[in-house]
Amino acid sequence: MLVFTNLKRALLALPVTVLALGFMSGEVRAEVSGETAYVLNTFSFLVHGFLVMFMAAGFAMLESGLVRSKNTATICLKNIALYSIAGIMFYLVGYNLMYVNVPEGGFMGAFELFYNPGEAELALLAAEEATVEQVKAVTDAGYSVASDWFFQMVFVATAASIVSGTVAERIKVWPFLIFVVVLSAIIYPIQASWVWGGGWLDAMGFSDFAGSTLVHSVGGWCALTGAIILGARTGKYGPDGRVNPIPGANMPLATLGTFILWFGWFGFNGGSQLALGSAADATMMSIVYVNTNIAAAGGVVAAMVLTQILYKKVDLSMALNGALAGLVAITAGPDLTNHFTSLIIGAVGGLLVVIFVPFLDKLKIDDVVGAISVHLVAGVWGTLCVGIFGSGTVVTQVIGIAAIGAFAIVASSIVWLILKATVGIRINEEDEANGSDMAECGMEAYPEFGRGSQTF
Amino acid sequence: MLVFTNLKRALLALPVTVLALGFMSGEVRAEVSGETAYVLNTFSFLVHGFLVMFMAAGFAMLESGLVRSKNTATICLKNIALYSIAGIMFYLVGYNLMYVNVPEGGFMGAFELFYNPGEAELALLAAEEATVEQVKAVTDAGYSVASDWFFQMVFVATAASIVSGTVAERIKVWPFLIFVVVLSAIIYPIQASWVWGGGWLDAMGFSDFAGSTLVHSVGGWCALTGAIILGARTGKYGPDGRVNPIPGANMPLATLGTFILWFGWFGFNGGSQLALGSAADATMMSIVYVNTNIAAAGGVVAAMVLTQILYKKVDLSMALNGALAGLVAITAGPDLTNHFTSLIIGAVGGLLVVIFVPFLDKLKIDDVVGAISVHLVAGVWGTLCVGIFGSGTVVTQVIGIAAIGAFAIVASSIVWLILKATVGIRINEEDEANGSDMAECGMEAYPEFGRGSQTF
Amino acid sequence: MLVFTNLKRALLALPVTVLALGFMSGEVRAEVSGETAYVLNTFSFLVHGFLVMFMAAGFAMLESGLVRSKNTATICLKNIALYSIAGIMFYLVGYNLMYVNVPEGGFMGAFELFYNPGEAELALLAAEEATVEQVKAVTDAGYSVASDWFFQMVFVATAASIVSGTVAERIKVWPFLIFVVVLSAIIYPIQASWVWGGGWLDAMGFSDFAGSTLVHSVGGWCALTGAIILGARTGKYGPDGRVNPIPGANMPLATLGTFILWFGWFGFNGGSQLALGSAADATMMSIVYVNTNIAAAGGVVAAMVLTQILYKKVDLSMALNGALAGLVAITAGPDLTNHFTSLIIGAVGGLLVVIFVPFLDKLKIDDVVGAISVHLVAGVWGTLCVGIFGSGTVVTQVIGIAAIGAFAIVASSIVWLILKATVGIRINEEDEANGSDMAECGMEAYPEFGRGSQTF
């Protein structure tokens, strides 16, 4: 066995060495030449991971723009807090529960504390003189476990972000954050293990490329149960069935948030190719980018056209939500090789939002930012599309949607109800009237702006 | 021929295999070892493409900041809509017209519907057992076609974004979007095929690295004809030649937009190296990044110094536009290896903006955000610089600038005039006074802010 | 020697060629096969560099959000100007002073004008027929010098950005920018050469992975001397020791700025691995990403919990600064392989901010955005942690902190005092009352918002 006296030299030398060895041994040995593939796969997770991480900023801006100014500081706080908590909980519990030792066809992984880098990786990093075996032990995994953790962690945070928008303007900060703890430590990882961890839904053939169901509909279901259990904002629904529009305070921020989300979605879907170490992977990743963009564009245009027809105006917030619905819809199957299908999938997503936002209002389900229509409805639609247009079957897709939906509804309802019964989840009426910012954060978001008091 | 029984193994094995074969066959065979280069080239398009995509957010914020609050929701809507439409049209028509079957020295590509992934790529992705030939058929192209489409698509959207700022605050939404349809489907692709598609200007030796002329001046010309045909905003020019300043409503957003554009410009120029598969490409790409940054910095400082001298104050909006002008100016030739030249090119760009913004006002050409000075004037300057400092000749550069300018002026004027004569392009006076937001979007951008009514 | 007749072919052929040669010559030759490593190392600098560049936008938004509206345009101007000036000065003087010909164990590099690409790189780019030697001459360096310049340049700008927040709302624009000239041309490069240039502190074993001390504490020390020499804002400290809170005008922008900084920090720390050309580098880079995120999350949660305990509210601005403090704290040693340590390091950073912000107010040191607590205090803490938990020793770390602190204090004080004695650094009282925007920029940041005059 080769032993190098200098780590850096050794690593640079490896591909050549091994190739030479491979040739000398008379057979083609692919495994260690995979070092370049390992680097590329890992870097793909990092790059796409930082894009998805930035979606936290996108949600923060979207929601900041769509709430009233008296609740804006609180929504900012909730967004940075939930991103932080989701990351910590996924580190403490979630990752292992989602990925480690999931039995084939099983229902969850390991209840073990702390994700940490693998032993092979630590050995490689600690070695002053890395051996070929040490490098091979690491590169055989295909990518650095830490890079995978990073990429998966930002997905959990996305699921949590979805909830915060719906329940804004009336929920208490700390109870909401406790919900995030449970969501990111338990609820999200368990159902995600069913598919991405190699559990029972994966064994059935259920397919969800980047999480229309696993991320978006789960966030959407939690938002829905939260909205129902929490109740609508005071004044949103009038006595005689009237729906009072409560416009958001800062539409450019909502627009910025949407653009950031769109930007981050290339990481969300593109990174979910999970590899960049071959021509096939790079090609498919490119197709995923193209489909992602086309579906979002289709969502925007469809939502604009429909609002123009229905209301004789083009509603900006519908156009923004149309983009997001197109993105959510394509997320289950952005690997379709016919781009026109993506255009249709995204466009239908945009139409669904325009239909479902007023429909939820009719049901008096008060969703401040439209997240249920965007993430749940378009998420279900997109997951079905994999059965209709893609590699899956409709029946299996429906089973997956239903199973994950049932689990998310039950689990989240239990958590919301326990929180409601114990610490309480709703701010009191006076605080709601004055805005949660003064009550919860002791500050105003825009202390110098405003036309004076705006009790909605 | 080797046939692998497992795609993933096969792809990982390829480099080794082929090297071994190459050696065995007694000659050096480079072609298939290009798989790593293919992956890197493709990933460069994706990474730089998502940076340029984010420029759509930059334009949206820049323009949101520089219009009045009563027109802010509309400008947000136009920005997300134009980005969507440009992408769809480039998918439907533009890409083929720009790139496919452009005759050598010709004037346009194919009028064919739908860009789609190439056959070789689809065959590779569909293969359960990919052959060496199948991989080679894909990697020989150098990069995934889908990644190139993505990268080129975001450039079209940039050209369209330029127009929206100039004609803001008085144009109707839908007619503007029809203009974007024609721009992104026809006008932009045809002239771009002359150079980047290998058409007649390319054959002449006209050089435009990343599009000072092909993207920025084209956007600028369309903005100029639009501004003239549309007319100035009511009240902008007083009876006795007075120019009434109309300050933007939200300068931090304009600043954010400029930073986002600067950030995205590393994708714009860096990605236009078009390859990352060799030491030479990576080195040149790095030089492009450095020049891009230095030129922008030069534009800021030059604009600041000149406004200080002229007006005894440092005008923030001029500093921002100075950055953009520096960026536009270096875009035609960011591959110069003497960075000092970039500093000069960018600084002159910054000076030009400070001179041309009031000059256009003298001509009563009302450009809300200064886009004509930034994208057209600095774009022409930058394209000339390739002749002065770089690889091109001044004569050829002038021919290219003039030809593309003439085409853009004529084509865009025809479209604007047809739109004006048919559906009309200008909102009525009452809507202009009240703001296009209520008229076109049925909402306010900042419903809770404001000192009350601000008729300009 | 092989001579190729076509550069592109030659470069693609290289890996294969050289491998074959290596094998033929009977020994393993790693050096030229490093071309892929060269490309990956270089691309890492570019990608991580553009992330750090975007931190300039983060600082601009953070500071825009935390100042009053009457000083917002000025802070935007200062941020884009300082980024530009830092880049130009690092090009003109700084890079050479920091890196070129630093004697082993020495105190600074070369006083030479102009950074420019290396001769080997220029020769490669100029060659029509690149030889193996020409490629090797470039790739032996490990990465493109231009990419390194880009990455290092954005670090200088970060140091300068730190200062602008502290001294906001009362400093004159041009004198501040002169300070930035000296900071980025002289102060920063000299002390950075002591460690990253291979100078005396590096020889001692002082360790600072990505700059808790070299970047953040240096910026913090300059901010501290500036705040003291400049004095507090009028009205900040009442006669009887009362501290008057002066709330920021736009908290969503401050939140956005924090998210952008967090996003950019993956470039700051991840790119400081300085290489991506091996499995070990990619693995360590991934661990750096994970630690960076966990530390920031720890900072947020710790700051939130402590403010809840102390004030019975969760202060949004403390949560934001907690994130930044966690990030600063982990920056000296994000390569720890036990993530739990990162959580602690970041959390303590968050606690320190909550303690030091009111403590500085007690000392009547007026820090508008809390930058001294974030960047100096947490920077010192993080640098110590490398001695406590990591590879360094506490004694050496203390020596480094003290030496760089002493240098930064003395050098910056001299510059501030000279500026104060000559051109003056503080705007006059009337301008301060009316806001620096009208005085310095001749414009308002939000001309249409506001409840009328707000003299604080």
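Scoring rules and cut-offs
- Residues numbered from 1 in each chain as written.
- Chains lettered and ligands numbered in written order.
- Predicted model: local features only at pLDDT ≥ 70, side-chain atom pairs only at ≥ 80, totals over all residues.
- Helix = DSSP H or I, 4+ residues; strand = E, 2+ residues; numbered from the N terminus.
- Rg over C-alpha atoms; globule rule 2.2 N^0.38 Å.
- Buried ≥ 20, exposed ≤ 12 C-beta atoms within 10 Å, placed from the backbone.
- Contact = placed C-beta atoms within 7 Å.
- Nonpolar A, V, L, I, M, F, W, Y, C, P; charged D, E, K, R; others polar.
- Domains from an automatic or database assignment.
- Least-squares fit on C-alpha atoms with pLDDT ≥ 70 in both.
- Core = buried A, V, L, I, M, F, W, Y, C linked by C-beta atoms within 7 Å.
- Axes fitted to C-alpha atoms, helices over the stretch in contact; angles between N-to-C directions.
- Parallel < 35°, antiparallel > 145°, perpendicular 65-115°, else oblique.
- Left-handed = near helix turned anticlockwise from the far one by under 90°.
- Expected span 1.5 Å × (residues − 1).
- Bend = angle between axes of the 7 residues up to and from the residue.
- pLDDT = per-residue confidence, 0-100.

*Asks:* Give a detailed account of the overall build of chain A, specifying residues and quantitative values.
*Replies:* Looking only at helices and strands, chain A features 17 helices and zero strands. The globule rule puts the C-alpha radius of gyration for 456 residues at 23 Å, and the 24 Å found for chain A is close to it. Taken over the C-alpha atoms alone, chain A extends approximately 85 × 45 × 40 Å along its principal axes. The buried share of chain A, reckoned over its 456 residues, is 70%. For chain A, the share of sequence-separated contacts (at least 6 apart) that also reach a separation of at least 24 residues comes to 77%.

*Asks:* Quick one: what's the story with the interface of chain C and chain A, residue by residue and with numbers?
*Replies:* Across the contact, 62 residues belong to chain C and 68 residues belong to chain A. When contributions to the side of chain C that touches chain A are tallied by element, the ones reaching two or more residues are α1 (7-24), α2 (35-66), α10 (251-270), α11 (279-311), α12 (316-331) and α13 (339-362) of chain C. Element by element, the count of residues in the side of chain C that touches chain A is highest for α11 of chain C, at 17 residues. Considering only residue class, the side of chain C that touches chain A consists of 40 nonpolar, 17 polar and five charged.

*Asks:* Residue-level account of the interface of chain B and chain C, with values.
*Replies:* The interface is formed by 63 residues belonging to chain B together with 68 residues belonging to chain C. Elements with a contribution of two residues or more to the side of chain B that touches chain C: α1 (7-24), α2 (34-66), α10 (251-270), α11 (279-311), α12 (316-330) and α13 (339-362) of chain B. Sorting elements by how many residues they give to the side of chain B that touches chain C places α11 of chain B first, with 17 residues. For the side of chain B that touches chain C, the per-class residue count stands at 40 nonpolar, 18 polar and five charged.

*Asks:* Please set out the domain arrangement of chain A residue by residue, giving values where relevant.
*Replies:* As far as domains go, chain A holds domain 1 (1-30) and domain 2 (40-113 + 131-441). One C-alpha centre belongs to domain 1 of chain A, the other to domain 2 of chain A, and the line joining them spans 45 Å.

*Asks:* Give a detailed account of the relation of the copies chain B and chain C, specifying residues and quantitative values.
*Replies:* When chain B is brought onto chain C, the operation consists of a screw motion whose angular component is 120 degrees and whose axial shift is 0.0 Å, with 0.0 Å RMSD remaining. Taken together, the rotation and translation relating the two chain copies correspond to the operation of a three-fold axis. Nearest to the rotation axis, the C-alpha of phenylalanine 449 of chain B is located 3.2 Å from it, this being the minimum over chain B. A low fraction, 11%, of the interface residues of chain B reappear at the interface in chain C, so the copies pair through non-equivalent surfaces.

*Asks:* Go over the nonpolar core, please, and point to the residues and values.
*Replies:* Counting 532 residues, the largest nonpolar core has Phe263 and Ala319 of chain A, Phe263 and Ala319 of chain B together with Phe263 and Ala319 of chain C as the members making the most contacts within it. Among all residues touching alanine 319 of chain C, those that are not within four sequence positions of it are Leu77, Ile80 and Ala81 of chain A together with Val300, Ala303, Met304 and Val314 of chain C.

*Asks:* Mind laying out the environment of glycine 197 of chain C, listing which residues take part and the relevant values?
*Replies:* All names here are of chain C. For glycine 197, the location among the structural elements is in the loop between α7 (173-195) and α8 (200-204). The spacing of glycine 197 and asparagine 96 is 101 residues in sequence and 9.9 Å in space, taken between C-alpha atoms. Setting aside anything within four residues of it in sequence, one finds glycine 197 in contact with Met98, Tyr99, Val102, Gly109 and Ala192.

*Asks:* Kindly report on the environment of tyrosine 115 of chain B, identifying the contributing residues and their values.
*Replies:* Residues and elements named next belong to chain B. By the secondary structure assignment, tyrosine 115 is in the loop between α3 (72-99) and α4 (119-126). Separated by 34 residues in the primary sequence, tyrosine 115 and tryptophan 149 have C-alpha atoms spaced 8.3 Å apart. Aside from chain neighbours lying at most four places away, what touches tyrosine 115 is Tyr91, Tyr95, Asn96 and Trp149.

*Asks:* Would you mind going over the environment of alanine 302 of chain B in detail, with residue names and values included?
*Replies:* Along the chain, alanine 302 of chain B falls in helix α11. The sequence separation of alanine 302 of chain B and glycine 349 of chain B amounts to 47 residues, and the corresponding C-alpha distance is 8.4 Å.

*Asks:* I'd like to hear about the packing of helix α11 (residues 279-311) of chain A against α4 of chain B, residue by residue, with values.
*Replies:* Between α11 of chain A and α4 of chain B, the shortest axis-to-axis distance is 10 Å and the interhelical angle comes to 115 degrees. As the angle between them shows, α11 of chain A and α4 of chain B are arranged roughly perpendicular. Relative to α4 of chain B, the crossing made by α11 of chain A is left-handed. For the pair formed by α11 of chain A and α4 of chain B, the contact residues are Ala279, Ala280, Thr283 and Met284 of chain A on the first element and Glu121, Leu124 and Leu125 of chain B on the second.

*Asks:* Please provide a residue-by-residue account of helix α15 (residues 394-421) of chain A, values included.
*Replies:* All names here are of chain A. Over its 28 residues, α15 extends 40 Å from the first C-alpha to the last, a length consistent with the 40 Å expected when each residue adds 1.5 Å. Three or more residues of α15 are buried, namely Gln397, Gly400, Ile401, Ile404, Gly405, Ala408, Ala411, Ser412, Val415, Trp416 and Leu419. Buried residues along α15 sit in contact with α7 (173-195), α8 (200-204), α9 (212-230) and α14 (371-389).

*Asks:* Any details on the relation of the copies chain C and chain A? Residues and values, ideally.
*Replies:* Superposing chain C onto chain A requires a rotation of 120 degrees together with a translation of 0.0 Å along the rotation axis, leaving an RMSD of 0.0 Å. Little of the interface of chain C is mirrored in chain A, where only 11% of its interface residues again form contacts.

*Asks:* Can you lay out α10 of chain C for me, pointing to particular residues and giving the numbers?
*Replies:* Residues and elements named next belong to chain C. With 20 residues, α10 should cover 28 Å at 1.5 Å per step; its first-to-last C-alpha distance of 28 Å lies within 8% of that length. The axis of α10 is deflected most strongly, by about 30 degrees, at glycine 264. In terms of burial, α10 is a largely internal element, 20 of the 20 residues being buried.

*Asks:* Help me get a handle on the packing of α2 of chain C against α10 of chain C, residues and values and all.
*Replies:* Residue and element names in this part refer to chain C. Interhelical geometry of α2 versus α10 gives an angle of 155 degrees and a closest axis separation of 7 Å. It follows that α2 is roughly antiparallel to α10 by the angle criterion. Judged by the sense of rotation from one axis to the other, the crossing of α2 with α10 is left-handed. Looking at the contact of α2 with α10 residue by residue, the class counts come to 18 nonpolar, 10 polar and no charged.

*Asks:* With reference to specific residues and values, describe the confidence of the model for chain A.
*Replies:* Averaged over every residue, the pLDDT of chain A is 90; the share at 70 or more is 91%. Interface scoring of the predicted complex returns ipTM 0.92; its pTM is 0.93.

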